[in-house]
Number of protein chains: 2
Amino acid sequence: MTGEKNNKTTIIPIPTIRRLPLYHSFLLTVRDKENIHISAPGIAKELHIHPTQIIKDFSYINVKGRTKVGYEIKGLIKILEDFLGYHILRKAFIVGIGNLGIALIKYHEFNNEGMEIIAGFDIDSDKLETNINNLELFHINNFKERINKTPIDIGIIAVPACQAQEIADLMIKNGVKAIWNFSATPLSAPDNIIIENTSIDSSLAMIKWKLHENKPLIYKNRVL
Amino acid sequence: MTGEKNNKTTIIPIPTIRRLPLYHSFLLTVRDKENIHISAPGIAKELHIHPTQIIKDFSYINVKGRTKVGYEIKGLIKILEDFLGYHILRKAFIVGIGNLGIALIKYHEFNNEGMEIIAGFDIDSDKLETNINNLELFHINNFKERINKTPIDIGIIAVPACQAQEIADLMIKNGVKAIWNFSATPLSAPDNIIIENTSIDSSLAMIKWKLHENKPLIYKNRVL
DNA sequence: TTTTAATAAAGAAATATTTCCTTATTAAAA
DNA sequence: TTTTAATAAGGAAATATTTCTTTATTAAAA
Ligand SMILES: NC(=O)c1ccc[n+]([C@@H]2O[C@H](COP(=O)([O-])OP(=O)(O)OC[C@H]3O[C@@H](n4cnc5c(N)ncnc54)[C@H](O)[C@@H]3O)[C@@H](O)[C@H]2O)c1
Ligand SMILES: NC(=O)c1ccc[n+]([C@@H]2O[C@H](COP(=O)([O-])OP(=O)(O)OC[C@H]3O[C@@H](n4cnc5c(N)ncnc54)[C@H](O)[C@@H]3O)[C@@H](O)[C@H]2O)c1
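Everything numeric in this text was worked out from a predicted model, so none of it was measured.

About the criteria used
Residues numbered from 1 in each chain as written. Chains lettered and ligands numbered in written order. Predicted model: local features only at pLDDT ≥ 70, side-chain atom pairs only at ≥ 80, totals over all residues. Heavy atoms only, no water. Contact = heavy atoms within 4.5 Å. Salt bridge = Lys/Arg side-chain N within 4 Å of Asp/Glu carboxyl O. Polar contact = N/O pair within 3.5 Å; in protein donor to acceptor, adjacent residues only side chain to side chain. Helix = DSSP H or I, 4+ residues; strand = E, 2+ residues; numbered from the N terminus. Nonpolar A, V, L, I, M, F, W, Y, C, P; charged D, E, K, R; others polar. Buried < 20%, exposed > 50% of the residue type's maximum accessible area, 1.4 Å probe, protein only. Near = heavy atom within 4 Å. Areas by Shrake-Rupley, 256 points an atom, 1.4 Å probe, with all protein chains shown as cover. Phe/Tyr/Trp six-rings, centres within 6.5 Å; stacked < 30°, edge-to-face > 60°. Least-squares fit on C-alpha atoms with pLDDT ≥ 70 in both. Core = buried A, V, L, I, M, F, W, Y, C linked by side-chain atoms within 4.5 Å. Domains from an automatic or database assignment. Pairing = 2+ DSSP bridges. Axes fitted to C-alpha atoms, helices over the stretch in contact; angles between N-to-C directions. pLDDT = per-residue confidence, 0-100.

## Some details on the interface of chain A and chain B
With 72 residues of chain A in contact, the opposing surface of chain B contributes 71 residues. On inspection of chain A and its partner chain B, the count reaches two salt bridges. A salt bridge links Glu196(B) to Lys210(A); its shortest N-O distance comes to 3.9 Å. Linking chain A with chain B are 19 residue pairs in polar contact (both at pLDDT 80 or more). When contributions to the side of chain A that touches chain B are tallied by element, the ones reaching two or more residues are helix H1 (14-30), helix H2 (40-47), helix H5 (99-106), strand S9 (178-181), strand S10 (194-197) and helix H9 (200-213) of chain A. Here the side of chain A that touches chain B gets 14 residues from one element, more than from any other, and that element is H9(A). Considering only residue class, the side of chain A that touches chain B consists of 40 nonpolar, 15 polar and 17 charged.

Below, the structure written as structure tokens:
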């Protein structure tokens, strides 16, 4: 949340945090191209984010650019990765080895972004037979036992909406610090538990509403 | 974007739109339970959204509650579905029949939320052999031909980041109105094209940053 | 019937976030 | 070398969003 600037503590806006991985991803695509530097307007053109927004975002994480030149690409990538903790590998369990669960397990990029899924759980024994990246799969009844053996930080929920709260409670009871919820139902949790709702259905709602209204956004350039 | 209130046009905040499907999903879980009504504080307790926020959100779509009683659940569900256009089925193509693409194709709930995926495309011919829900699969080279035969509103991008812009350009050139982008790279598009970036990686970044900072949110109750 | 307490509504205030404006810097062009 | 134009930076302003406060309503309790 905080970044030091001189001595003052500045508060980093949540939307800024959400944009940082976008910058990171974009910068990877321009690294090793002809230029060593990229300017805010240069990024803005591709990402449809206002250039001063980009400069502000970078200033929150104490990144300074050079006038007339911009930002050094590789250095910026490094700073973003450090800030976002890509080099600190957090252990995770995933519950729900369904369609989405399998996609998440197979997505290797998470390892580069600092999350390692080390076990999967399902209530359906048939699902435990499948081999996905050699991931260890267990029945949900074994959750407590496994987490006691290997404590984890992140619990990923990919079960149907009606089961999500139950699994969340199980995770919280067993010391999970952060819950990543892919079900459409928001979860109840104590304030000390980090909850991230990735609601794919909310995204669809946004698209459908924009199609229906067919009006420009209030903040034209807002990407997230 | 707009809701009529008396004669004045009110602007609906984007975060409100994103919360509406969460209310909808939650209300489904309490429908057919003992109570006919639910109050804003009642919803707030489960969803960790401030009760006055909920009342405000509902007021934007002209939903009125009854003092001491709250909101009639079934009627509210209906209004939300109408507002979000769940009953208007929009046609969609999906490009990228990989791990995530398959999960999205298999997710039947989209049909209830007003989106029907009617064809899939990939560059890898092997992928076109797989049978997923009997969906018609084509080589990406046939995109233009297929869209001319059956115009669609929504193009879903589930290809690797480096290919995403190319596919977006193809979609735009062929009249797609809205692009739903699951790749980590934000896309460039003319202003009249609706772009929705569902950045799963941004969500992870948020979790990792909160784990690292271990500080409360500024807006405590913010769920999206 | 009267009182109490829970609630919605509406507007005000507080807070958060983006965009604008002005200045300073500096690479590249003249 | 001097000028020009592109850019970053920092603060101000504008805008957006959430939260608070007050008031009115009404179901339930007394
Ligand atoms: N697939 C998608 O593209 C998609 C899109 C939007 C939202 N979602 C959400 O993601 C979640 C998962 O979706 P899906 O398509 O993978 O569903 P799915 O039905 O394919 O998989 C759900 C899995 O959870 C398991 N499960 C159910 N109850 C369980 C329990 N108590 N403990 C452990 N495992 C349990 C099931 O056996 C199944 O394997 C759902 O909440 C869905 O709404 C998915
Ligand atoms: N799987 C996940 O859980 C996950 C998580 C976060 C982000 N993503 C993003 O979603 C996207 C898809 O991820 P995935 O895991 O399904 O990857 P994947 O590699 O499994 O699938 C990608 C598919 O796209 C196809 N493809 C490549 N170039 C193409 C082209 N030009 N035209 C048509 N098809 C083409 C490939 O043949 C492949 O089938 C990626 O951008 C990824 O970053 C996925």
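## Notes on the pattern of salt bridges
As a working rule, side chains carrying opposite charge can pair if their charged atoms are close by. Following the criterion strictly, the structure yields 20 salt bridges over all chains and no others. The shortest N-O distance in the salt bridge between Glu145(A) and Arg146(A) comes to 3.8 Å. On the basis of relative accessibility, which here comes to 39%, the residue Glu145(A) falls in the partly exposed class. With a closest N to O distance of 3.8 Å, Asp32(B) and Lys74(B) form a salt bridge. Of this pair, Asp32(B) sits in the loop between helix H1 (14-30) and strand S3 (37-38) while Lys74(B) sits in helix H4 (residues 73-84), placing them 42 residues apart in sequence. For the pair Asp32(B) and Lys74(B), one class covers both residues: exposed. A cluster of three or more residues bridged by salt bridges with shared partners is formed by Arg18(A), Glu196(A) and Lys210(B).

## Notes on the site of ligand 2
Taken together, 24 residues lie around ligand 2, and Tyr107(A), Leu100(B), Asp122(B), Lys127(B) and Val159(B) are the ones closest in. Chains contributing residues near ligand 2 are chains A and B. Between ligand 2 and Val159(B) there is a distance of 2.6 Å, counted from an oxygen atom to a backbone nitrogen or oxygen. Considering ligand 2 on its own, with 820 Å² of exposed area, one finds that the protein chains cover 88% of that surface. Sorting the residues of the shell around ligand 2 by element identifies H5 of chain A together with helix H5 (99-106), helix H8 (161-173) and helix H9 (200-213) of chain B as the ones contributing at least two each.

## Let's talk about the packing of aromatic side chains
Under the counting rule described, the total for this entry stands at 18 aromatic pairs over all chains. Ring plane angle 65° and centroid distance 5.6 Å describe the contact between Phe110(B) and Trp180(B), whose orientation is recorded as edge-to-face. One end of the pair, Phe110(B), is in helix H6 (residues 109-112); the other, Trp180(B), is in strand S9 (residues 178-181), and 70 residues separate them in sequence. Ring geometry for Phe121(B) and Phe138(B): centres 5.7 Å apart, planes at 35°, overall tilted. You can see Phe121(B) sitting in strand S6 (residues 115-122) and its partner Phe138(B) sitting in strand S7 (residues 137-139), a full 17 residues away along the chain. With a relative accessible area of 0%, Phe121(B) lands in the buried category. Of the aromatic side chains, those joined through ring pairs into one cluster are Phe93(A), Phe121(A), Phe138(A) and Phe143(A).

## Points about the relation of the copies chain A and chain B
Rotating chain A by 180° and translating it 0.0 Å along the rotation axis places it on chain B, where the RMSD comes to 0.0 Å. The transformation just described matches what one would write down for a two-fold rotation axis.

## Observations concerning the nonpolar core
In this structure, Ile156(A), Trp180(A), Ile156(B) and Trp180(B) are the most contacted members of the largest nonpolar core, which totals 47 residues. Setting aside anything within four residues of it in sequence, one finds Ile156(A) in contact with Ala92(A), Phe93(A), Ile94(A), Val95(A), Leu104(A), Met115(A), Ile117(A), Met171(A), Trp180(A) and Phe182(A).

## Overview of the domain arrangement of chain A
Domain annotation for chain A reports domain 1 (14-84) and domain 2 (90-203). Using only C-alpha atoms to locate each centre, domain 1 of chain A and domain 2 of chain A end up separated by 32 Å.

## Overview of the site of ligand 1
The full set close to ligand 1 counts 24 residues, and Leu100(A), Asp122(A), Lys127(A), Val159(A) and Tyr107(B) are the nearest of them. Residues near ligand 1 are shared among chains A and B, making this a multi-chain site. Backbone polar atom of Asn99(A) to an oxygen atom of ligand 1: 3.0 Å apart, as the coordinates give it. One of the side-chain nitrogen or oxygen atoms of Gln163(A) is found 3.1 Å away from a nitrogen atom of ligand 1. Contact with the protein chains hides 88% of the accessible area of ligand 1, taken as 830 Å² for the molecule alone.

## Overview of the pairing of strand S5 (residues 90-95) of chain B
Residue and element names in this part refer to chain B. In terms of burial, S5 is largely enclosed, as five of its six residues are buried. Two strands pair when backbone bridges link them, and S5 and strand S8 (residues 154-157) are joined in this way by four bridges, in the parallel orientation. Residue pairing in the sheet places Phe93 in a bridge with Gly155 of S8.

## Side note on the sheet that holds strand S5 (residues 90-95) of chain A
Two orientations exist for strands paired in a sheet by backbone hydrogen bonds: parallel and antiparallel. Strands sit in the order S7-S6-S5-S8-S9-S10 (chain A) across an open sheet of six strands; the sheet is parallel. The two strands at the open ends of the sheet, each matched to only one other strand, are strand S7 (137-139) and S10 of chain A. Direction aside, the axes of adjacent strands within the sheet are offset by 25° on average. Against the sheet, H9(B) engages S5, strand S6 (115-122), strand S8 (154-157), S9 and S10 of chain A, with an angle of about 170° to S10(A).

## Examining the confidence of the model for chain A
Residues with a pLDDT of 70 or more make up 91% of chain A, whose mean pLDDT is 89. Within the model, pLDDT remains below 50 along residues 1-9 of chain A, and this stretch shows 24 contacts once partners closer than five positions in the same chain are excluded.

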